[in-house]
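What the coordinates show
One letter stands for each residue in the lines below.
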Amino acid sequence: MNIRMLIVVAVSVLLAGCGVSPPNASATAHFDMSGLAFDYPAEWRKISVGRILHYETVVAFLTSGAATADEPCGSAYVPGLGGDCSQDITLPANSVVVRISLWGGPPSGPAGAIAALRTQGWSALTIAGEPAAFTPQALEGIPGSDRSLVWAVAAPGADNQKAYWITAGIRGPDLASIQAQVEAMIATIYLTAASASG
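Not measured: the values here are computed from a predicted model.

Spatially, the three strands line up as an open sheet ordered E1-E2-E12, and their pairing is antiparallel. Both edges of this open sheet fall to strand E1 (28–33) and strand E12 (190–191), since each of them pairs with a single strand only. One ladder, built from two bridges, connects strand E2 (residues 36–41) with E12; its direction is antiparallel. From the neighbouring strand, Ala37 faces E12, where its bridge partner is Tyr190.

What follows is the structure, given as structure tokens:
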């Protein structure tokens, strides 16, 4: 190991010990909406939506590269009832669109929404101390994606039908590195006090 490499390693260790990110650490931005919080790559864009559909509120989208996303509705849209709304997504090569929503139904039985998903074959997880489920086979994923990943996380509180859904649609060919970024984002999830009431 040469002297230059030793200096870089020593500085990185020193900075990490002081709580400062090493020079090559990836920059992140912070998401905190509707009681759901996490860190995501700073070069991604956040598109706030707040569209209240029937049983679901589309909170926001995250996009990378030249990807774009929105959830427009026409004149028949009624907040809380839904209507003529649809996903408007462009997903070019080597990009991702992440759709973040909060579900409050339909009723899925006394065990709750997450238990119902697990019964359907979704993998059982715990995220931020709450029951969660994961599937790589989304029925309604992100249009144009080569790989679709969906996490559902129970919202804290007495209503076990309420859950956050994070749907990531990745278009390749560089699927592995983009999926690694999405998984790193999921690992930082925590739930804020607003989720218990909102």
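In terms of strand pairing, strand E8 (residues 123–127) meets strand E9 (residues 130–135) through five bridges, oriented antiparallel. Bridging from a neighbouring strand, Leu125 pairs with Ala132 of E9. If you look at the hairpin formed by E8 and E9, you'll find two residues sitting between the two strands, and Ala128 has a positive phi there, around 55°.

As for its position among the elements, Thr167 is in strand E11 (residues 163–171). Given a relative accessible area of 7%, Thr167 falls into the buried group. Residues contacting Thr167, with those up to four places away along its chain left out, are Val97, Val98, Arg99, Gly141, Ile142, Ser148, Leu149 and Val150.

Here we come to the environment of Asp174. Among the secondary structure elements, Asp174 is positioned in the loop between E11 and helix H3 (175–186). There is a polar contact of 2.6 Å between the side chain of Asp174 and the side chain of Ser177.

What counts and how
- Residues numbered from 1 in each chain as written.
- Predicted model: local features only at pLDDT ≥ 70, side-chain atom pairs only at ≥ 80, totals over all residues.
- Heavy atoms only, no water.
- Pairing = 2+ DSSP bridges.
- Helix = DSSP H or I, 4+ residues; strand = E, 2+ residues; numbered from the N terminus.
- Buried < 20%, exposed > 50% of the residue type's maximum accessible area, 1.4 Å probe, protein only.
- Contact = heavy atoms within 4.5 Å.
- Polar contact = N/O pair within 3.5 Å; in protein donor to acceptor, adjacent residues only side chain to side chain.

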